[in-house]
Every structure is written in C-alpha cells, then in structure tokens.
Amino acid sequence: MERLTFGWPCSAQVHNNPHFFIAQGHGAKGDNVYEFHLEFLDLVKPEPVYKLTQRQVNITVQKKLSQWWERLTKQEKRPLFLAPDFDRWLDESDAEMELRAKEEERLNKLRLESQGSLETLISLRKGYLFMYNLVQFLGFSWIFVNLTVRFFILGKESFYDTFHTVADIMYFCQMLAVVETINAAIGVIKSPVIPCLIQLLGRNFILFIIFGTMEEMQNKAVVFFVFYLWSSIEIFRYPFYMLCCIDMDWKVLTWLRYTVWIPIYPLGCLAEAVAVIQSIPIFNETGRFSFTLPYPVKIKVRFSFFLQIYLIMLFLGLYINFRHLYKQRRRRYGQKKKKTH
C-alpha cells in the first residue's frame, strides 16, 4: 500500500513524528493525553498528514519508497491496540485492480480528449478547404464572366486582348493551384497526386512560359480559348468541392462536375497544343531559351525541340487525366447491378 491511515477517537491537535503520535483532547475519560508509538517496517516520509473530524483524527503516513511490505511494523507480533480498518484495506490484487481501473479511466479521458481534438482538426480542415475552394471559384468565375461579357459586347475583337484583361487573375489562380497539389501530396484531400501535378505543371507551362514570356503570343486569339476552357471546368469543380466541405450534395452541380469535362477537357488540351504549335516559330526566331552545348560538341539546341517533346507529353497527360476523370464518373454514376431472383 502507498498510504497508511489511522483513526483516533478524539478531537485534538496532533503533535507527531514518523514513529511517535501524541494528541491531547477530550475523550470518554475526559481530558487526557493520547499517544502511541509505531516502529514501521521501513522508512516513511517525515511529514504525515492528518485531518480532524467530529468523530476522529485521520492520520496518513506515506512510505518513502513505493513497495509492498510484508507487515506494518518491525516487530512480527501486531500491537494489541492496532487493528486493520477493513473498509479501507487493500491487498495486492485489490490494489492492482484499483490501479487498472485508474489507468483505464485515464485512457478513457485521453481518448475523449483525442476525439475532441480530432473533431477540432476535422472542422479546421473543412473550413480551410471551403475557403480555398471559394477563393478559386470566385477567381475563375470572374475570368469566365469577364470573357463571356466581353465576347458578347466586342465579338471577335475581344479575343486579341484577353491576356491583358484577365492575366493577373489567372496568374493568381494558377499559383494558388499549387496548394491543391500540396494538399493531395500530404493527404489533406483524397485526390491522387499525379493527375493534380500533371494539370498544374501543364497549365503553368502554358501560362508562364508560352504566354507569359512571349509578348507575340499574348495578342493571339488562342489565349481566349485556353483561358475560357480552363475556367469553364473550374466554375463547376470548385463549388462542388465547397459543398462537399459542408456535407451538401446538389445533384445538378454534381452531374455537371462529373460530366462537363467530357467535351471541355479535350478541347482545352487541343487549345493548349495550338498555342504550343503557334509559339514554335516565334521561339525559333527569337532564340529565347535556346542554348549551345559546350566544346567540343557545340551544337545549338533550340527550345522548339523541347516544345515538340512537350506536345507528346501533353497528349499523354490528357490520356492519364481523362482516364482518372472517367473512373471518378464511373464510380459516381456507374450502372447499378441488377438484383438476381
């Protein structure tokens, strides 16, 4: 046992040391000095704790070392005045059960606390994803609406200044799309990393390298079609993910999210390919990003060579992402198995 507790039938102030206990008070025989002496089996802490009640004085003496004693006192024979309080008695098995109960209670408490922490983390994750998808939705919606309105007002003339009109917002949205790939990589979202990375690198290559570094490309009509097709997909994808964060399912939006990509995604890749093909003679003429291999080879490597390789990779990426999106749609709207009777 860890603590030894004694009950003394009097009401008085206690003066004691670890072995000798004395109290002066009024008992059955009037005012008297009550005392007793115990030689404990092993060392105890020198500062016992006592508590006065109407009936008794409870004195608690704590062992110096946490271990089981064979008996209470050094003398083998128990003192006549000493009797165990069986209401408080604990043998080794009882103590183990009590410790086990306390440990179970502690584990249950930790489990509840961890569940509370997990719920908090889930709420924070949902809030973070909701805000991210909201910002992306607003950005791509602004691009889509701006291009649509300008086309209806200016017609084909709106094609040629598309880059200067919406490029800043497109830069922002595509840089923010890096977060989406990071979320997939660290497990914040369940999307596979490869399709996210392919789309991120492909779009950013077109935006920052083909359009961003070549002013000659910024005034071409193909910019309008690339930006318009990109935003046409995202204005359905991001609000769908927003509703998922708050456990809502709008069937019309869900259908659009899993269907609209079928014609738009290949058209978007086709528009990107046209942009790359149109940029090849410009890169050849300007020599930008071209370089010459060191001596003794001294061969000039044109950037257009890498653009031709990129065209092959573009359609390979189209196949990978198209297959991924098709699997997603099939899981969502796959044919239900007929019941067999």
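What you are looking at is a predicted structure, and each value in this text was computed from that prediction instead of being measured.

Visitor: Hey, could you run me through the pairing of strand S6 (residues 57-62) in this one?
Guide: A regular strand places its side chains on the two faces of the sheet in alternate fashion. In terms of burial, S6 is largely enclosed, as five of its six residues are buried. Pairing analysis gives four bridges linking strand S5 (residues 49-52) to S6, with the strands arranged antiparallel. Bridging from a neighbouring strand, Tyr50 pairs with Ile59 of S6.

Visitor: I would appreciate a short explanation of the UniProt feature "transmembrane region" (unreviewed entry) in the chain in the present structure.
Guide: Per the UniProt entry, the sites bearing "transmembrane region" (unreviewed entry) are residues 129-149, 169-189, 196-214, 220-240, 260-283 and 303-322 in this numbering. Annotation note: span residues 260-283, helix share 96%, strand share 0%, distance between end C-alpha atoms 34 Å. Strand forms 0% of residues 303-322 and helix 100%; the C-alpha atoms that close the span are 28 Å apart.

Visitor: Just to check I follow, could you spell out the nonpolar core for this structure?
Guide: Most often, soluble globular proteins keep nonpolar side chains buried together rather than apart. Counting 47 residues, the largest nonpolar core has Ile206, Ile210, Phe211 and Phe227 as the members making the most contacts within it. Taken together, the elements giving at least two residues each to this core come down to helix H1 (92-154), helix H2 (162-186), helix H3 (193-211), helix H5 (222-245), helix H7 (261-286) and helix H8 (303-333). Of all the elements, H7 adds the most residues to this core, at 11 residues. With sequence-adjacent residues up to four places away left out, Phe227 is seen in contact with Ile143, Leu147, Thr162, Phe163, Val166, Ala167, Met170, Leu207 and Phe211. In terms of nonpolar packing, the next biggest core, distinct from the first, is built from 10 residues, Phe21, Phe40, Ile59 and Val61 among them.

Visitor: Whenever I open this one, a nonpolar patch on the surface confuses me. Can you help?
Guide: Side chains of Phe291, Leu293, Val297, Ile299, Phe305, Phe306, Ile309 and Met313 sit close together on the surface and give an oily, nonpolar patch of about 700 Å² of accessible area. No other element matches the four residues that H8 contributes to the nonpolar patch. With respect to the secondary-structure elements, Phe306 resides in helix H8. Note on Phe306: relative accessible area 37%, which makes it partly exposed.

Visitor: Which parts of the structure should I look at to understand unusual backbone geometry?
Guide: Among all residues except glycine, the phi angle is most often negative; among peptide bonds, the trans geometry is most common. Phi is positive for Asp247, which is not a glycine, with a value near 60°. Examined against the element boundaries, Asp247 turns out to sit in the loop between H5 and helix H6 (251-259). Here Phe289, not a glycine, exhibits a phi torsion of approximately 65°, which is positive.

About the criteria used
- Counting starts from 1 at the beginning of each chain's written sequence and moves along it residue by residue.
- Only residues with pLDDT of at least 70 are given local features in this predicted model, and only at 80 or more are side-chain atom pairs given and counted; all residues enter the totals for whole chains, interfaces and linings.
- In computing side-chain values, all of the structure's heavy atoms are included and hydrogens and water are not.
- A simple rule labels every residue: compare its accessible area, found with a 1.4 Å probe on the protein chains alone, to the largest value its type can have, and call it buried under 20%, exposed over 50%, or partly exposed in between.
- The numbering of helices and of strands both runs from the N terminus, where a helix is a DSSP run of H or I of at least 4 residues and a strand a run of E of at least 2.
- Two strands pair if DSSP finds at least two bridges between them.
- UniProt positions are given in the numbering used here, feature names are shortened, and annotations may be inferred rather than shown by experiment.
- To form a nonpolar core, buried Ala, Val, Leu, Ile, Met, Phe, Trp, Tyr and Cys residues must be joined to one another through side-chain atoms within 4.5 Å.
- In what follows, a contact means two residues having at least one pair of non-hydrogen atoms within 4.5 Å.
- For patches, a residue must show more than 30% relative accessible area and have no salt bridge; joins then use 9 Å for like charges and 5 Å for nonpolar side chains, namely Val, Leu, Ile, Met, Phe, Trp and Tyr.
- Each accessible area is a Shrake-Rupley estimate made with a 1.4 Å probe; only the visible protein chains count as cover when residues are assessed.
- The salt bridge definition used is simple: a Lys or Arg side-chain nitrogen within 4 Å of an Asp or Glu carboxyl oxygen.

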